[in-house]
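What follows is each chain in one-letter form.
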Amino acid sequence: MTVERALLVFAGSMVLLSVLLTYYVHPNFVWLTLFVGANMIQSAFTGFCPAVMVMKKLGLKTEAQQACTVR
C-alpha cells in the first residue's frame, strides 16, 4: 500500500469514526469531523500533512517511489 492510498483510508476512517462518536457518544465529537475536513483542505493547498510524515516513517512508500522500484 502506498502513502497516498493509506492517507485516503486513514482520512475516511477518521471521518466515519468521528460521525459515529458524534451520534453515539457526544455531539461535541462533531469538532473532530470538522478538524479532519479542515486538515484535508489545508493539505490540498499546502502539501503538508502530519499523517503522511508518520506513514513514511513507518516505511510506506509514495506512488512515485513504488513506481521506481517496480521498473
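Our subject is the structure listed above.
Draft legend 1. Spatial organisation of the overall build of the protein. Tallying secondary structure elements over the protein gives 4 helices and 0 strands in all. Reading the helices (α) and strands (β) of the protein from amino to carboxyl end gives α-α-α-α. Its C-alpha atoms give the protein a radius of gyration of 15 Å, clearly above 11 Å, the size a compact globule of 71 residues would have. A total of 71 residues make up the protein; the buried ones form 18% of that total. Within the protein, counting contacts between residues at least 6 apart in sequence, those at least 24 apart form 60% of the total. Surface exposure of the protein reaches about 5600 Å², of which carbon and sulfur atoms provide 72%.

Draft legend 2. Seen up close, the packing of aromatic side chains. Following the criterion strictly, the structure yields 1 aromatic pair and no others. Here Tyr23 and Tyr24 contribute two aromatic rings whose centre-to-centre distance is 4.8 Å and whose plane-to-plane angle is 90 degrees, an arrangement assigned as edge-to-face. Each member of the pair Tyr23 and Tyr24 is classed as exposed.

Draft legend 3. Region of interest: the packing of helix H1 (residues 3–24) against helix H3 (residues 50–57). Two numbers describe how H1 lies on H3: the axes approach to 10 Å, and their chain directions differ by 125 degrees. The angle between H1 and H3 falls in the class oblique. Relative to H3, the crossing made by H1 is right-handed. Contact with H1, carried on its side by Val3, Ala6, Leu7 and Phe10, involves Ala51, Val52, Met55 and Lys56 of H3 and no other residues of that element.

Draft legend 4. Up close: the environment of Thr33. Tracing the chain through its elements places Thr33 in helix H2 (residues 30–46). Taking the C-alpha atoms as reference points, Thr33 and Met14, separated by 19 residues in sequence, lie 7.6 Å from one another. Look past the residues within four positions of Thr33 in its chain and what remains in contact with it is Ser18, Val19 and Thr22.

Draft legend 5. Main features of the layout of surface pockets. Counted as a void, the largest pocket has a volume near 330 Å³. Along the wall of the largest pocket there are 16 residues; nearest its centre are Leu7, Ala11, Asn39, Met40 and Cys49. Broken down by secondary-structure element, the contributors of at least two residues to the lining of the largest pocket are H1, H2 and H3. Class assignment for the residues of the lining of the largest pocket results in 13 nonpolar, 3 polar and no charged.

What counts, and at which threshold
- Residues numbered from 1 in each chain as written.
- Predicted model: local features only at pLDDT ≥ 70, side-chain atom pairs only at ≥ 80, totals over all residues.
- Heavy atoms only, no water.
- Helix = DSSP H or I, 4+ residues; strand = E, 2+ residues; numbered from the N terminus.
- Rg over C-alpha atoms; globule rule 2.2 N^0.38 Å.
- Buried < 20%, exposed > 50% of the residue type's maximum accessible area, 1.4 Å probe, protein only.
- Contact = heavy atoms within 4.5 Å.
- Areas by Shrake-Rupley, 256 points an atom, 1.4 Å probe, with all protein chains shown as cover.
- Phe/Tyr/Trp six-rings, centres within 6.5 Å; stacked < 30°, edge-to-face > 60°.
- Axes fitted to C-alpha atoms, helices over the stretch in contact; angles between N-to-C directions.
- Parallel < 35°, antiparallel > 145°, perpendicular 65-115°, else oblique.
- Left-handed = near helix turned anticlockwise from the far one by under 90°.
- 1 Å grid on protein atoms, 1.4 Å probe; cavity = no way out; pocket = protein on both sides within 12 Å on 5 of 7 lines; lining within 4 Å.
- Points joined across faces, edges and corners; volume = space filled by probe spheres on them.
- Nonpolar A, V, L, I, M, F, W, Y, C, P; charged D, E, K, R; others polar.

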